[in-house]
Amino acid sequence: MCSVLKAIVPDIANDRQAQERYQEAQAHGKSLLLVAPKEHAEAYVEQLARADPEMIVFSEAVEE
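Residues numbered from 1 in each chain as written. Predicted model: local features only at pLDDT ≥ 70, side-chain atom pairs only at ≥ 80, totals over all residues. Heavy atoms only, no water.

**Q** A description of the overall build of the protein chain should follow, citing residues and the corresponding values.
**A** On a plain count of helices and strands, the protein chain comes out with three helices and zero strands. Secondary structure elements of the protein chain occur, N-terminal to C-terminal, as α-α-α. Computed over its C-alpha atoms, the radius of gyration of the protein chain comes to 11 Å, within 12% of the 11 Å expected for a compact globule of 64 residues. In terms of its C-alpha atoms, the protein chain occupies a principal-axis envelope of roughly 25 × 25 × 20 Å. Across the 64 residues of the protein chain, 22% fall into the buried class. Put simply, 36% of the contacts in the protein chain that link residues at least 6 apart link residues at least 24 apart. Within the structure as shown, the protein chain displays about 4,900 Å² of accessible surface, and the carbon and sulfur contribution to it stands at 49%. Here the protein chain holds 6 positive side-chain charges and 12 negative ones, and the gap between their average locations is 3 Å. (Helix = DSSP H or I, 4+ residues; strand = E, 2+ residues; numbered from the N terminus. Rg over C-alpha atoms; globule rule 2.2 N^0.38 Å. Buried < 20%, exposed > 50% of the residue type's maximum accessible area, 1.4 Å probe, protein only. Contact = heavy atoms within 4.5 Å. Areas by Shrake-Rupley, 256 points an atom, 1.4 Å probe, with all protein chains shown as cover. Lys, Arg positive; Asp, Glu negative; His and termini not counted. Charge placed at Lys NZ, Arg CZ, Asp CG, Glu CD.)

Have a look at this one:
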């Protein structure tokens with residue numbers, strides 16, 4: 001999972017950051033990965049959904 005986050009989300013630069021976000025999602029049910037314009041956020045959601053067919057990744061774009 002961490003390699004997927006690192007590959008897709010530009011704000012995650014290393015394994016430590018990816019692991020922290022993953023653990024936060026596991027502990028609290030969600031984690032903020034990045035703040036981006038709506039179109040970019042929707043593209044990241046699509047990329048995460050398609051990243052690994054054997055892994056289920058739930059993501060959503062939320063307006064602030």
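There's plenty left to go through after this.
**Q** Now, about the nonpolar core: what can you tell me, with residues and values included?
**A** Core analysis: the largest hydrophobic core is formed by twelve residues, namely Cys2, Val4, Leu5, Ile8, Val9, Ile12, Ala18, Leu33, Leu34, Tyr44, Leu48 and Val57. Ranked by the residues each element gives to this core, the list is headed by helix α1 (residues 2–8), at four residues. Residues in contact with Ala18, not counting those within four places in the same chain, are Cys2, Leu5 and Ile12. (Core = buried A, V, L, I, M, F, W, Y, C linked by side-chain atoms within 4.5 Å.)

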